[in-house]
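Structure assessment
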Amino acid sequence: MQQTPSGHPVTGWWTEASIYQIYPRSFADSDGDGVGDLPGITARLDHLVELGVDAVWLSPFYPSPQADAGYDVADYRDVDPLFGTLADADKLIAEARSRGLRVIVDLVPNHTSSAHRWFQAALSAAPGSAERSRYIFRDGLGPTGDQPPNDWQSVFGGPAWTRTVDPDGQPGQWYLHLFDTGQPDLNWDNPEVHAEFLDVLRFWLDRGVDGFRVDVAHGLVKQADLADWQEPQEILSGNEVDKPRPPMWDQEGVHEIYRQWRQLLDSYPGERVLVAEAWVEPAERLARYVRPDEMHQAFNFEYLLAAWTAPAQYAVITRSLEATDSVGAPTTWVLSNHDVVRHASRLGLPVGTARPNGIGIGDPQPDAALGLRRARAATLLMLALPGSAYLYQGEELGLPEHTTLPDEARQDPTWARSGHTQRGRDGCRVPIPWEADAPSYGFGPSDASWLPQPPLWAEYALDRQRDVPGSTYELYRTALRLRRAHGLGRGTLEWLSSGDEVLTFRNGELTVLTNFGATPVPVPAGAELLASSAPLHDDGTVPTDVTVWVRA
Ligand code: NOJ
(Lines give C-alpha, C1' and ligand atoms only; values in the text may rest on other atoms or scores of the structure.)
Protein backbone atom coordinates (compact mmCIF):
# COMPACT_ATOMS: atom_id res chain seq x y z
CA MET A 1 0.00 0.00 0.00
CA GLN A 2 1.27 3.46 -0.85
CA GLN A 3 2.47 5.48 2.13
CA THR A 4 3.43 9.07 2.78
CA PRO A 5 7.02 9.58 3.99
CA SER A 6 5.79 9.43 7.57
CA GLY A 7 4.02 6.15 6.98
CA HIS A 8 0.39 7.17 6.45
CA PRO A 9 -1.44 4.92 4.01
CA VAL A 10 -2.64 6.79 0.95
CA THR A 11 -5.16 5.04 -1.23
CA GLY A 12 -7.65 5.93 -3.95
CA TRP A 13 -7.33 6.59 -7.66
CA TRP A 14 -7.11 10.36 -7.08
CA THR A 15 -3.88 10.19 -5.11
CA GLU A 16 -1.79 10.03 -8.27
CA ALA A 17 -4.30 11.10 -10.93
CA SER A 18 -4.05 13.83 -13.52
CA ILE A 19 -7.45 15.50 -13.55
CA TYR A 20 -8.58 17.69 -16.43
CA GLN A 21 -10.96 20.55 -15.72
CA ILE A 22 -13.68 21.05 -18.31
CA TYR A 23 -15.40 24.41 -18.31
CA PRO A 24 -18.52 23.27 -20.18
CA ARG A 25 -19.42 26.62 -21.76
CA SER A 26 -16.06 26.84 -23.48
CA PHE A 27 -15.00 23.28 -24.30
CA ALA A 28 -17.08 22.10 -27.27
CA ASP A 29 -20.39 23.30 -28.67
CA SER A 30 -22.50 20.63 -30.38
CA ASP A 31 -25.42 22.77 -31.56
CA GLY A 32 -23.79 25.97 -32.79
CA ASP A 33 -25.37 28.35 -30.29
CA GLY A 34 -21.96 29.59 -29.19
CA VAL A 35 -22.06 27.94 -25.77
CA GLY A 36 -20.37 24.61 -25.12
CA ASP A 37 -22.57 21.73 -23.93
CA LEU A 38 -22.58 18.18 -22.60
CA PRO A 39 -23.00 16.42 -25.98
CA GLY A 40 -20.06 18.52 -27.18
CA ILE A 41 -17.95 17.18 -24.32
CA THR A 42 -19.01 13.58 -24.95
CA ALA A 43 -18.03 13.90 -28.60
CA ARG A 44 -14.55 15.08 -27.59
CA LEU A 45 -13.77 12.53 -24.87
CA ASP A 46 -11.31 10.73 -27.14
CA HIS A 47 -9.15 13.85 -27.02
CA LEU A 48 -8.74 13.37 -23.29
CA VAL A 49 -7.86 9.72 -23.71
CA GLU A 50 -5.26 10.66 -26.33
CA LEU A 51 -3.91 13.37 -24.03
CA GLY A 52 -3.52 10.79 -21.29
CA VAL A 53 -5.43 12.18 -18.31
CA ASP A 54 -7.20 9.98 -15.77
CA ALA A 55 -10.28 12.01 -14.88
CA VAL A 56 -12.35 15.06 -15.71
CA TRP A 57 -13.83 17.64 -13.40
CA LEU A 58 -16.84 19.42 -14.89
CA SER A 59 -17.63 22.97 -13.78
CA PRO A 60 -21.38 23.48 -13.14
CA PHE A 61 -23.91 22.59 -15.83
CA TYR A 62 -27.04 22.84 -13.64
CA PRO A 63 -30.07 25.06 -14.34
CA SER A 64 -28.96 28.59 -13.64
CA PRO A 65 -29.61 32.19 -14.67
CA GLN A 66 -25.84 32.24 -15.36
CA ALA A 67 -25.21 35.31 -13.22
CA ASP A 68 -21.83 33.76 -12.41
CA ALA A 69 -21.42 31.35 -15.32
CA GLY A 70 -23.37 28.58 -13.59
CA TYR A 71 -21.93 28.99 -10.07
CA ASP A 72 -25.40 30.32 -9.28
CA VAL A 73 -27.39 27.09 -9.17
CA ALA A 74 -31.18 27.19 -9.38
CA ASP A 75 -31.69 23.40 -9.29
CA TYR A 76 -29.00 20.99 -8.10
CA ARG A 77 -30.65 17.94 -9.63
CA ASP A 78 -30.98 18.84 -13.27
CA VAL A 79 -29.12 20.15 -16.32
CA ASP A 80 -29.54 23.62 -17.80
CA PRO A 81 -31.08 23.41 -21.31
CA LEU A 82 -28.12 25.53 -22.40
CA PHE A 83 -25.91 22.50 -21.72
CA GLY A 84 -28.32 19.66 -22.53
CA THR A 85 -30.44 17.27 -20.49
CA LEU A 86 -30.07 14.88 -17.60
CA ALA A 87 -29.94 12.11 -20.20
CA ASP A 88 -26.95 13.88 -21.77
CA ALA A 89 -25.25 13.94 -18.36
CA ASP A 90 -25.89 10.20 -17.93
CA LYS A 91 -24.51 9.54 -21.39
CA LEU A 92 -21.42 11.62 -20.69
CA ILE A 93 -20.75 9.76 -17.44
CA ALA A 94 -21.24 6.38 -19.14
CA GLU A 95 -19.07 7.25 -22.16
CA ALA A 96 -16.32 8.58 -19.92
CA ARG A 97 -16.41 5.44 -17.83
CA SER A 98 -16.23 3.20 -20.90
CA ARG A 99 -12.98 4.98 -21.79
CA GLY A 100 -11.56 4.57 -18.30
CA LEU A 101 -12.04 8.24 -17.41
CA ARG A 102 -13.40 9.20 -13.99
CA VAL A 103 -15.90 12.05 -13.63
CA ILE A 104 -15.97 14.66 -10.86
CA VAL A 105 -18.82 17.18 -10.78
CA ASP A 106 -18.96 20.59 -9.14
CA LEU A 107 -21.00 21.12 -5.99
CA VAL A 108 -21.88 24.68 -5.00
CA PRO A 109 -23.03 24.62 -1.36
CA ASN A 110 -22.10 28.10 -0.11
CA HIS A 111 -24.90 29.79 -2.03
CA THR A 112 -27.75 29.05 -4.38
CA SER A 113 -28.99 31.17 -7.23
CA SER A 114 -31.52 33.82 -6.33
CA ALA A 115 -33.76 31.94 -8.79
CA HIS A 116 -33.66 28.81 -6.60
CA ARG A 117 -37.12 27.89 -5.34
CA TRP A 118 -35.89 28.21 -1.74
CA PHE A 119 -34.80 31.80 -2.23
CA GLN A 120 -37.97 32.70 -4.09
CA ALA A 121 -39.98 31.24 -1.20
CA ALA A 122 -37.83 33.21 1.26
CA LEU A 123 -38.55 36.47 -0.55
CA SER A 124 -42.29 35.95 -0.32
CA ALA A 125 -42.15 34.82 3.32
CA ALA A 126 -42.00 37.01 6.40
CA PRO A 127 -38.88 37.93 8.40
CA GLY A 128 -38.15 35.20 10.93
CA SER A 129 -39.94 32.52 8.85
CA ALA A 130 -38.64 29.01 8.21
CA GLU A 131 -38.21 29.95 4.55
CA ARG A 132 -35.92 32.88 5.40
CA SER A 133 -33.88 30.83 7.86
CA ARG A 134 -32.38 28.83 5.00
CA TYR A 135 -30.43 31.97 4.06
CA ILE A 136 -28.81 34.82 5.98
CA PHE A 137 -31.42 37.56 6.22
CA ARG A 138 -30.93 40.47 8.65
CA ASP A 139 -32.56 43.81 9.40
CA GLY A 140 -30.60 46.79 8.17
CA LEU A 141 -28.87 49.25 10.48
CA GLY A 142 -29.88 52.85 11.08
CA PRO A 143 -33.29 54.33 11.94
CA THR A 144 -34.82 53.22 8.65
CA GLY A 145 -32.79 50.06 8.24
CA ASP A 146 -31.25 51.43 5.07
CA GLN A 147 -27.66 50.54 6.06
CA PRO A 148 -26.34 47.01 5.45
CA PRO A 149 -26.12 44.80 8.56
CA ASN A 150 -22.32 44.80 8.51
CA ASP A 151 -19.43 46.09 6.42
CA TRP A 152 -18.63 42.92 4.47
CA GLN A 153 -17.76 43.33 0.83
CA SER A 154 -18.55 40.89 -1.97
CA VAL A 155 -15.56 39.02 -3.45
CA PHE A 156 -16.64 40.46 -6.81
CA GLY A 157 -16.74 44.04 -5.44
CA GLY A 158 -19.44 46.17 -3.83
CA PRO A 159 -21.37 45.36 -0.65
CA ALA A 160 -22.02 41.74 0.33
CA TRP A 161 -25.64 42.63 1.23
CA THR A 162 -28.66 43.44 -0.90
CA ARG A 163 -31.89 44.85 0.46
CA THR A 164 -35.09 43.06 -0.45
CA VAL A 165 -38.45 44.54 -1.29
CA ASP A 166 -41.37 43.22 0.73
CA PRO A 167 -44.48 41.89 -1.03
CA ASP A 168 -46.21 45.22 -0.19
CA GLY A 169 -43.52 47.14 -2.07
CA GLN A 170 -41.81 48.50 1.06
CA PRO A 171 -38.05 48.10 1.58
CA GLY A 172 -37.42 44.97 3.61
CA GLN A 173 -34.58 42.96 5.14
CA TRP A 174 -31.12 42.47 3.68
CA TYR A 175 -29.57 39.17 2.59
CA LEU A 176 -25.92 38.17 2.53
CA HIS A 177 -24.11 37.25 -0.68
CA LEU A 178 -20.35 36.87 -0.52
CA PHE A 179 -20.38 36.78 -4.32
CA ASP A 180 -22.93 38.24 -6.76
CA THR A 181 -26.36 39.57 -5.76
CA GLY A 182 -27.73 36.55 -7.62
CA GLN A 183 -25.88 34.18 -5.24
CA PRO A 184 -27.48 34.38 -1.76
CA ASP A 185 -25.43 32.60 0.92
CA LEU A 186 -27.09 29.62 2.57
CA ASN A 187 -27.43 29.36 6.33
CA TRP A 188 -25.46 26.27 7.31
CA ASP A 189 -26.72 26.54 10.89
CA ASN A 190 -30.01 25.23 9.54
CA PRO A 191 -30.33 21.39 9.58
CA GLU A 192 -32.58 21.55 6.53
CA VAL A 193 -29.64 22.85 4.50
CA HIS A 194 -27.51 19.91 5.66
CA ALA A 195 -30.22 17.41 4.73
CA GLU A 196 -30.73 18.97 1.33
CA PHE A 197 -27.08 18.77 0.35
CA LEU A 198 -26.72 15.20 1.57
CA ASP A 199 -29.58 14.42 -0.75
CA VAL A 200 -27.98 16.28 -3.64
CA LEU A 201 -24.77 14.30 -3.09
CA ARG A 202 -26.79 11.07 -3.18
CA PHE A 203 -28.50 12.15 -6.38
CA TRP A 204 -25.21 12.43 -8.26
CA LEU A 205 -23.52 9.49 -6.53
CA ASP A 206 -26.45 7.34 -7.65
CA ARG A 207 -25.88 8.56 -11.21
CA GLY A 208 -22.34 7.22 -11.01
CA VAL A 209 -20.08 10.22 -10.51
CA ASP A 210 -16.69 9.56 -8.98
CA GLY A 211 -16.65 12.62 -6.78
CA PHE A 212 -17.25 16.30 -6.15
CA ARG A 213 -15.24 19.47 -6.34
CA VAL A 214 -16.64 21.57 -3.51
CA ASP A 215 -16.97 25.26 -4.34
CA VAL A 216 -15.88 27.82 -1.71
CA ALA A 217 -15.39 25.00 0.79
CA HIS A 218 -13.97 27.43 3.35
CA GLY A 219 -16.98 29.75 3.29
CA LEU A 220 -20.07 27.80 4.32
CA VAL A 221 -20.04 28.70 8.00
CA LYS A 222 -19.83 32.31 9.12
CA GLN A 223 -18.77 33.64 12.51
CA ALA A 224 -22.03 33.71 14.50
CA ASP A 225 -21.94 37.45 15.30
CA LEU A 226 -21.26 38.44 11.67
CA ALA A 227 -18.72 40.89 13.07
CA ASP A 228 -17.51 43.75 10.92
CA TRP A 229 -14.34 43.14 8.94
CA GLN A 230 -12.57 46.27 7.90
CA GLU A 231 -10.26 44.58 5.41
CA PRO A 232 -10.91 44.60 1.68
CA GLN A 233 -12.64 41.37 0.72
CA GLU A 234 -10.52 38.58 -0.78
CA ILE A 235 -11.51 34.98 -1.38
CA LEU A 236 -8.17 34.01 0.16
CA SER A 237 -8.55 33.56 3.89
CA GLY A 238 -5.42 35.67 4.40
CA ASN A 239 -4.73 33.80 7.53
CA GLU A 240 -1.40 35.16 8.62
CA VAL A 241 -0.50 34.08 12.11
CA ASP A 242 -0.47 37.58 13.56
CA LYS A 243 -3.89 38.54 12.15
CA PRO A 244 -7.39 37.51 13.22
CA ARG A 245 -9.23 35.11 10.93
CA PRO A 246 -11.80 36.80 8.71
CA PRO A 247 -15.30 36.11 10.05
CA MET A 248 -16.52 34.73 6.73
CA TRP A 249 -13.74 32.25 5.92
CA ASP A 250 -12.26 29.07 7.34
CA GLN A 251 -14.49 28.83 10.41
CA GLU A 252 -14.25 25.72 12.55
CA GLY A 253 -17.84 24.65 11.78
CA VAL A 254 -17.13 23.77 8.15
CA HIS A 255 -15.23 20.65 9.16
CA GLU A 256 -18.22 18.91 10.68
CA ILE A 257 -20.05 19.26 7.35
CA TYR A 258 -17.27 17.48 5.48
CA ARG A 259 -17.12 14.72 8.07
CA GLN A 260 -20.79 14.02 7.38
CA TRP A 261 -20.25 14.06 3.63
CA ARG A 262 -17.27 11.80 3.94
CA GLN A 263 -19.36 9.22 5.76
CA LEU A 264 -21.90 9.33 2.98
CA LEU A 265 -19.26 8.88 0.27
CA ASP A 266 -17.67 6.05 2.20
CA SER A 267 -21.03 4.26 2.27
CA TYR A 268 -21.00 4.08 -1.56
CA PRO A 269 -19.24 1.38 -3.53
CA GLY A 270 -16.13 2.32 -5.46
CA GLU A 271 -13.73 5.14 -4.70
CA ARG A 272 -15.47 8.52 -4.55
CA VAL A 273 -13.59 11.71 -3.87
CA LEU A 274 -14.22 15.11 -2.28
CA VAL A 275 -11.96 17.93 -3.44
CA ALA A 276 -11.94 21.23 -1.58
CA GLU A 277 -11.80 24.54 -3.34
CA ALA A 278 -10.62 26.38 -0.26
CA TRP A 279 -8.53 29.53 -0.57
CA VAL A 280 -6.94 28.93 2.80
CA GLU A 281 -3.45 29.83 3.91
CA PRO A 282 -1.06 28.71 5.27
CA ALA A 283 -0.70 25.12 4.02
CA GLU A 284 -1.04 23.73 7.56
CA ARG A 285 -4.44 25.35 7.86
CA LEU A 286 -5.53 24.00 4.46
CA ALA A 287 -4.39 20.53 5.51
CA ARG A 288 -7.16 20.50 8.12
CA TYR A 289 -9.68 20.08 5.26
CA VAL A 290 -8.07 16.80 4.26
CA ARG A 291 -7.74 15.09 7.62
CA PRO A 292 -8.50 11.37 7.42
CA ASP A 293 -12.24 11.74 8.09
CA GLU A 294 -12.86 14.85 5.95
CA MET A 295 -12.20 15.57 2.29
CA HIS A 296 -9.67 13.64 0.26
CA GLN A 297 -7.92 16.51 -1.48
CA ALA A 298 -7.72 20.29 -1.62
CA PHE A 299 -6.52 22.50 -4.43
CA ASN A 300 -3.07 23.86 -3.76
CA PHE A 301 -3.51 27.54 -4.54
CA GLU A 302 -0.35 28.49 -2.69
CA TYR A 303 1.50 26.53 -5.36
CA LEU A 304 -0.45 28.24 -8.15
CA LEU A 305 0.41 31.66 -6.72
CA ALA A 306 4.11 30.99 -6.08
CA ALA A 307 6.62 33.16 -7.93
CA TRP A 308 8.70 31.68 -10.72
CA THR A 309 12.00 31.55 -8.84
CA ALA A 310 13.93 28.56 -7.57
CA PRO A 311 13.68 29.54 -3.88
CA ALA A 312 9.92 30.23 -4.10
CA GLN A 313 9.21 26.99 -5.94
CA TYR A 314 11.41 24.97 -3.60
CA ALA A 315 9.70 26.47 -0.58
CA VAL A 316 6.14 25.94 -1.78
CA ILE A 317 6.75 22.37 -2.95
CA THR A 318 8.44 21.43 0.31
CA ARG A 319 5.78 23.09 2.44
CA SER A 320 2.94 21.54 0.47
CA LEU A 321 4.34 18.02 0.78
CA GLU A 322 4.99 18.44 4.49
CA ALA A 323 1.56 19.90 5.23
CA THR A 324 -0.44 17.20 3.49
CA ASP A 325 1.85 14.49 4.76
CA SER A 326 1.18 15.63 8.31
CA VAL A 327 -2.46 14.54 7.88
CA GLY A 328 -1.80 11.60 5.57
CA ALA A 329 -3.41 13.14 2.49
CA PRO A 330 -2.07 13.29 -1.05
CA THR A 331 -0.67 16.61 -2.26
CA THR A 332 -2.21 18.31 -5.28
CA TRP A 333 -0.76 20.69 -7.84
CA VAL A 334 -2.43 23.20 -10.13
CA LEU A 335 -1.26 26.04 -12.35
CA SER A 336 -4.44 27.23 -14.09
CA ASN A 337 -8.21 27.17 -13.72
CA HIS A 338 -11.25 29.21 -14.74
CA ASP A 339 -10.65 31.84 -12.01
CA VAL A 340 -7.07 32.89 -12.65
CA VAL A 341 -5.01 34.30 -15.50
CA ARG A 342 -3.78 31.32 -17.55
CA HIS A 343 -0.24 30.38 -16.56
CA ALA A 344 1.07 30.82 -20.11
CA SER A 345 0.31 34.53 -19.64
CA ARG A 346 0.72 34.91 -15.89
CA LEU A 347 4.31 33.71 -16.09
CA GLY A 348 4.96 36.27 -18.83
CA LEU A 349 4.37 39.10 -16.36
CA PRO A 350 7.32 40.38 -14.32
CA VAL A 351 8.40 37.76 -11.76
CA GLY A 352 6.61 38.29 -8.47
CA THR A 353 3.55 40.07 -9.96
CA ALA A 354 0.72 39.63 -7.48
CA ARG A 355 -2.30 37.61 -8.65
CA PRO A 356 -3.81 39.73 -11.42
CA ASN A 357 -7.60 39.82 -11.51
CA GLY A 358 -7.75 39.67 -15.29
CA ILE A 359 -5.78 41.55 -17.90
CA GLY A 360 -7.39 43.82 -20.48
CA ILE A 361 -6.79 46.43 -23.11
CA GLY A 362 -4.71 49.21 -21.58
CA ASP A 363 -3.15 46.97 -18.92
CA PRO A 364 0.55 46.03 -19.12
CA GLN A 365 0.62 43.02 -21.44
CA PRO A 366 2.47 39.79 -20.65
CA ASP A 367 5.47 38.72 -22.71
CA ALA A 368 3.77 35.88 -24.61
CA ALA A 369 6.92 34.00 -25.65
CA LEU A 370 8.47 34.19 -22.20
CA GLY A 371 5.16 33.21 -20.60
CA LEU A 372 4.80 30.13 -22.78
CA ARG A 373 8.42 29.11 -22.25
CA ARG A 374 8.03 29.36 -18.48
CA ALA A 375 4.60 27.73 -18.57
CA ARG A 376 6.03 24.70 -20.35
CA ALA A 377 8.87 24.50 -17.83
CA ALA A 378 6.45 24.90 -14.93
CA THR A 379 4.13 22.20 -16.27
CA LEU A 380 6.96 19.73 -16.81
CA LEU A 381 8.13 20.40 -13.28
CA MET A 382 4.59 20.01 -11.90
CA LEU A 383 3.87 16.74 -13.71
CA ALA A 384 6.95 15.17 -12.14
CA LEU A 385 5.79 15.88 -8.58
CA PRO A 386 4.24 13.15 -6.44
CA GLY A 387 0.53 13.64 -5.85
CA SER A 388 -2.21 14.57 -8.26
CA ALA A 389 -2.16 17.27 -10.90
CA TYR A 390 -5.11 19.38 -12.00
CA LEU A 391 -5.03 20.67 -15.58
CA TYR A 392 -7.33 23.30 -17.08
CA GLN A 393 -8.75 22.87 -20.57
CA GLY A 394 -6.61 24.56 -23.20
CA GLU A 395 -3.38 24.58 -21.21
CA GLU A 396 -2.32 21.48 -23.18
CA LEU A 397 -2.36 23.80 -26.20
CA GLY A 398 -0.23 26.42 -24.45
CA LEU A 399 -3.25 28.70 -24.66
CA PRO A 400 -2.64 32.21 -23.36
CA GLU A 401 -5.13 34.44 -21.61
CA HIS A 402 -7.20 36.57 -23.98
CA THR A 403 -5.72 39.84 -22.75
CA THR A 404 -7.32 42.22 -25.24
CA LEU A 405 -10.94 41.13 -24.92
CA PRO A 406 -13.20 44.11 -25.64
CA ASP A 407 -14.58 45.31 -22.33
CA GLU A 408 -18.11 45.37 -23.73
CA ALA A 409 -17.89 41.60 -24.27
CA ARG A 410 -17.05 40.90 -20.64
CA GLN A 411 -19.50 38.70 -18.73
CA ASP A 412 -17.77 38.08 -15.40
CA PRO A 413 -19.79 39.94 -12.73
CA THR A 414 -16.47 41.13 -11.29
CA TRP A 415 -16.10 43.71 -14.06
CA ALA A 416 -19.38 45.51 -13.32
CA ARG A 417 -19.40 44.97 -9.54
CA SER A 418 -15.89 46.35 -9.14
CA GLY A 419 -16.99 49.54 -10.89
CA HIS A 420 -14.90 48.55 -13.92
CA THR A 421 -11.67 48.43 -11.96
CA GLN A 422 -11.10 44.64 -12.03
CA ARG A 423 -11.24 43.06 -15.48
CA GLY A 424 -12.16 39.68 -14.04
CA ARG A 425 -11.91 36.16 -15.35
CA ASP A 426 -13.31 36.17 -18.88
CA GLY A 427 -9.84 36.09 -20.45
CA CYS A 428 -9.22 32.50 -19.29
CA ARG A 429 -12.71 31.32 -20.26
CA VAL A 430 -12.69 31.92 -24.01
CA PRO A 431 -13.85 28.87 -26.04
CA ILE A 432 -10.88 26.73 -26.98
CA PRO A 433 -9.58 26.11 -30.53
CA TRP A 434 -9.66 22.63 -32.03
CA GLU A 435 -9.24 23.23 -35.77
CA ALA A 436 -7.32 26.18 -37.19
CA ASP A 437 -9.42 26.60 -40.32
CA ALA A 438 -12.92 25.80 -39.07
CA PRO A 439 -15.61 28.26 -37.92
CA SER A 440 -15.05 29.17 -34.23
CA TYR A 441 -11.79 27.20 -34.61
CA GLY A 442 -13.77 24.00 -34.34
CA PHE A 443 -15.35 24.92 -31.00
CA GLY A 444 -18.74 24.39 -32.63
CA PRO A 445 -20.38 24.02 -36.03
CA SER A 446 -20.99 27.78 -36.39
CA ASP A 447 -19.01 30.99 -35.94
CA ALA A 448 -20.79 31.67 -32.68
CA SER A 449 -18.73 31.88 -29.51
CA TRP A 450 -20.09 33.35 -26.25
CA LEU A 451 -16.83 35.23 -25.77
CA PRO A 452 -14.97 36.37 -28.89
CA GLN A 453 -11.93 34.25 -29.76
CA PRO A 454 -8.81 36.19 -30.76
CA PRO A 455 -7.46 35.70 -34.30
CA LEU A 456 -4.28 34.16 -32.94
CA TRP A 457 -6.26 31.17 -31.66
CA ALA A 458 -5.59 29.47 -35.05
CA GLU A 459 -1.93 28.91 -34.25
CA TYR A 460 -2.85 27.20 -30.96
CA ALA A 461 -5.50 24.90 -32.45
CA LEU A 462 -5.19 21.21 -31.63
CA ASP A 463 -4.88 20.21 -35.30
CA ARG A 464 -1.86 22.50 -35.69
CA GLN A 465 -0.11 20.76 -32.79
CA ARG A 466 -1.04 17.11 -32.94
CA ASP A 467 1.94 14.96 -33.99
CA VAL A 468 4.08 18.09 -34.33
CA PRO A 469 7.34 17.44 -32.48
CA GLY A 470 8.04 20.14 -29.94
CA SER A 471 4.44 21.42 -29.80
CA THR A 472 2.97 22.12 -26.38
CA TYR A 473 0.31 19.45 -26.96
CA GLU A 474 2.95 16.80 -27.68
CA LEU A 475 4.91 17.94 -24.62
CA TYR A 476 1.82 17.33 -22.44
CA ARG A 477 1.20 13.94 -24.05
CA THR A 478 4.79 12.85 -23.52
CA ALA A 479 4.83 14.08 -19.93
CA LEU A 480 1.52 12.43 -19.04
CA ARG A 481 2.59 9.16 -20.66
CA LEU A 482 5.90 9.10 -18.80
CA ARG A 483 4.24 10.19 -15.57
CA ARG A 484 1.99 7.16 -15.77
CA ALA A 485 4.69 4.75 -16.93
CA HIS A 486 7.06 5.79 -14.13
CA GLY A 487 4.37 6.05 -11.44
CA LEU A 488 5.47 9.61 -10.66
CA GLY A 489 2.16 10.49 -9.00
CA ARG A 490 2.68 7.80 -6.38
CA GLY A 491 6.39 8.38 -6.05
CA THR A 492 8.39 10.35 -3.54
CA LEU A 493 10.46 13.46 -3.98
CA GLU A 494 14.08 13.63 -2.99
CA TRP A 495 15.79 16.99 -3.45
CA LEU A 496 19.22 16.81 -5.06
CA SER A 497 19.83 20.56 -5.20
CA SER A 498 17.91 23.66 -4.24
CA GLY A 499 20.02 26.64 -5.16
CA ASP A 500 19.01 30.17 -6.08
CA GLU A 501 18.86 29.35 -9.78
CA VAL A 502 18.48 25.61 -10.26
CA LEU A 503 16.25 22.98 -8.69
CA THR A 504 16.98 19.28 -9.06
CA PHE A 505 15.06 16.41 -7.55
CA ARG A 506 14.61 12.72 -7.99
CA ASN A 507 11.29 10.89 -8.20
CA GLY A 508 11.87 7.14 -8.66
CA GLU A 509 14.31 6.61 -11.48
CA LEU A 510 13.70 10.05 -12.92
CA THR A 511 15.80 13.11 -12.23
CA VAL A 512 14.12 16.44 -12.86
CA LEU A 513 16.03 19.67 -13.32
CA THR A 514 14.65 23.18 -13.81
CA ASN A 515 16.95 26.04 -14.67
CA PHE A 516 15.48 29.36 -13.46
CA GLY A 517 18.79 31.21 -13.84
CA ALA A 518 20.57 33.00 -16.68
CA THR A 519 23.47 30.53 -16.90
CA PRO A 520 23.03 27.30 -18.85
CA VAL A 521 23.51 24.21 -16.68
CA PRO A 522 24.77 20.76 -17.69
CA VAL A 523 22.48 17.74 -17.72
CA PRO A 524 23.59 15.18 -15.09
CA ALA A 525 26.49 13.16 -16.53
CA GLY A 526 25.58 10.08 -18.55
CA ALA A 527 21.88 10.76 -18.27
CA GLU A 528 19.32 9.75 -20.85
CA LEU A 529 17.06 12.68 -21.79
CA LEU A 530 13.39 11.66 -21.57
CA ALA A 531 11.64 15.02 -21.91
CA SER A 532 12.53 18.65 -22.19
CA SER A 533 10.26 21.70 -22.10
CA ALA A 534 12.36 23.38 -24.84
CA PRO A 535 15.36 22.39 -26.98
CA LEU A 536 18.69 22.19 -25.17
CA HIS A 537 21.71 24.23 -26.26
CA ASP A 538 23.95 22.63 -28.90
CA ASP A 539 26.46 21.72 -26.21
CA GLY A 540 23.75 19.79 -24.38
CA THR A 541 23.30 22.28 -21.53
CA VAL A 542 19.87 23.27 -20.17
CA PRO A 543 18.91 26.86 -21.08
CA THR A 544 17.11 29.40 -18.90
CA ASP A 545 13.48 28.61 -18.00
CA VAL A 546 13.67 25.00 -19.09
CA THR A 547 12.82 21.77 -17.26
CA VAL A 548 14.28 18.40 -18.25
CA TRP A 549 13.44 14.86 -17.18
CA VAL A 550 16.35 12.46 -17.38
CA ARG A 551 17.10 8.91 -16.38
CA ALA A 552 20.53 8.88 -14.78
C1 NOJ B 1 -15.31 29.64 -6.98
C2 NOJ B 1 -15.55 29.36 -8.43
O3 NOJ B 1 -14.44 28.69 -8.95
C4 NOJ B 1 -15.78 30.70 -9.07
O5 NOJ B 1 -15.80 30.61 -10.47
C6 NOJ B 1 -17.08 31.25 -8.55
O7 NOJ B 1 -17.25 32.56 -9.05
C8 NOJ B 1 -17.06 31.33 -7.02
N9 NOJ B 1 -16.52 30.15 -6.43
C10 NOJ B 1 -18.44 31.52 -6.49
O11 NOJ B 1 -19.20 30.35 -6.66
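Scope of this entry: the structure provided in the associated data block.

Near the ligand lie 14 residues; those nearest to it are Asp68, Asp215, His338, Asp339 and Arg425. Between the ligand and aspartate 68 there is a distance of 2.5 Å, counted from an oxygen atom to a side-chain nitrogen or oxygen. At 2.4 Å from an oxygen atom of the ligand is found a side-chain nitrogen or oxygen belonging to aspartate 339. Burial of the ligand by the protein chains amounts to 99% of its free accessible area of 300 Å². Here the residues of the shell around the ligand are counted per class, giving four nonpolar, three polar and seven charged.

The subject of this paragraph is the pairing of strand 7 (residues 211-214). Burial along strand 7 is two-sided: the face carrying Gly211 and Arg213 and the face carrying Phe212 and Val214 are both buried. The sheet contact formed by strand 3 (residues 102-107) and strand 7 spans four bridges and is parallel. When the sheet's bridge partners are listed, valine 105 is paired in strand 7 with phenylalanine 212. Alignment of strand 7 against strand 8 (residues 273-276), held across four bridges, turns out to be parallel. Along strand 8, the bridge assignment pairs valine 214 with alanine 276.

Each strand in a sheet pairs with another by means of backbone hydrogen bonds, the pair being arranged parallel or else antiparallel. Taken together, the eight strands give an open sheet; going across it, the order is 9-8-7-3-2-1-11-10, and neighbouring strands pair in parallel fashion. Edge positions in the sheet fall to strand 9 (297-298) and strand 10 (332-334), since each of these pairs with one other strand and no more. As defined by bridge partners, strand 1 (residues 18-22) adjoins strand 2 (residues 55-58) across four bridges and the pair is classed as parallel. Following the sheet pairing, isoleucine 19 is matched in strand 2 by alanine 55. Of the strands in this sheet, strand 3, strand 7 and strand 8 are in contact with helix 6 (residues 254-266), which crosses strand 8 at around 155°.

Trp204, Phe212, Tyr258, Trp261 and Trp549 are the most contacted members of the largest nonpolar core, which totals 144 residues. Per element, the largest residue contribution to this core is eight residues, and it comes from helix 5 (residues 191-206). Counting only domains with at least three residues in this core, you end up with domain 1 (8-110 + 191-473) and domain 2 (117-176). If we skip the residues at most four places from it in the chain, tryptophan 204 touches Phe61, Tyr62, Tyr76, Arg77, Asp78, Leu86, Ala89, Val105, Val209 and Phe212. Counting 14 residues, the second largest nonpolar core, distinct from the first, contains Ile136, Trp161, Phe179 and Trp229.

Residue proline 282 is reached from glutamate 281 by a cis peptide bond, and omega for that bond is -10°. Position of proline 282 relative to the elements: it lies in the loop between strand 8 and helix 7 (283-286). If you check the backbone angles, aspartate 250 has positive phi at about 55° while not being a glycine. Checked against the element boundaries, aspartate 250 lands in the loop between strand 7 and helix 6.

The rules behind each value
Each chain has its residues counted from 1, following the order in which its sequence is written. Selection of residues for local features in this predicted model requires a pLDDT of at least 70, selection of side-chain atom pairs for listing and counting requires 80 or more, and totals for whole chains, interfaces and linings are taken over all residues. Neither water nor hydrogens contribute to the side-chain values; these are computed over all heavy atoms in the structure. One heavy atom within 4 Å of a molecule or strand is enough for the residue carrying it to be called near that molecule or strand. Under the rule applied, a polar contact is a pair of N or O atoms within 3.5 Å (in protein, one hydrogen donor and one hydrogen acceptor; residues adjacent in sequence only if both atoms are side-chain atoms). Here the open area of atoms and residues is found with the Shrake-Rupley method and a 1.4 Å probe, where only the protein chains shown may cover a residue. Only Asp, Glu, Lys and Arg are considered charged in this grouping, and only Ala, Val, Leu, Ile, Met, Phe, Trp, Tyr, Cys and Pro are considered nonpolar; every other residue, Gly among them, is considered polar. Relative accessibility decides the category of a residue: with a 1.4 Å probe and only protein chains considered, values under 20% of the type maximum give buried, values over 50% give exposed, and everything between is partly exposed. A run of H or I in DSSP counts as a helix once it spans at least four residues, and a run of E counts as a strand once it spans at least two, with each numbered from the N terminus. Pairing between two strands requires that DSSP report at least two bridges joining them. Contacts are assigned to residue pairs with any non-hydrogen atoms lying within 4.5 Å of each other. Axes, fitted as lines to C-alpha atoms, cover a helix only where it is in contact. Angles between the N-to-C directions of the axes lie from 0 to 180 degrees. Among buried residues, the Ala, Val, Leu, Ile, Met, Phe, Trp, Tyr and Cys ones that are joined through side-chain atoms within 4.5 Å form a nonpolar core. Segmentation of the chain into domains, including their bounds, is taken from an automatic or database domain assignment.

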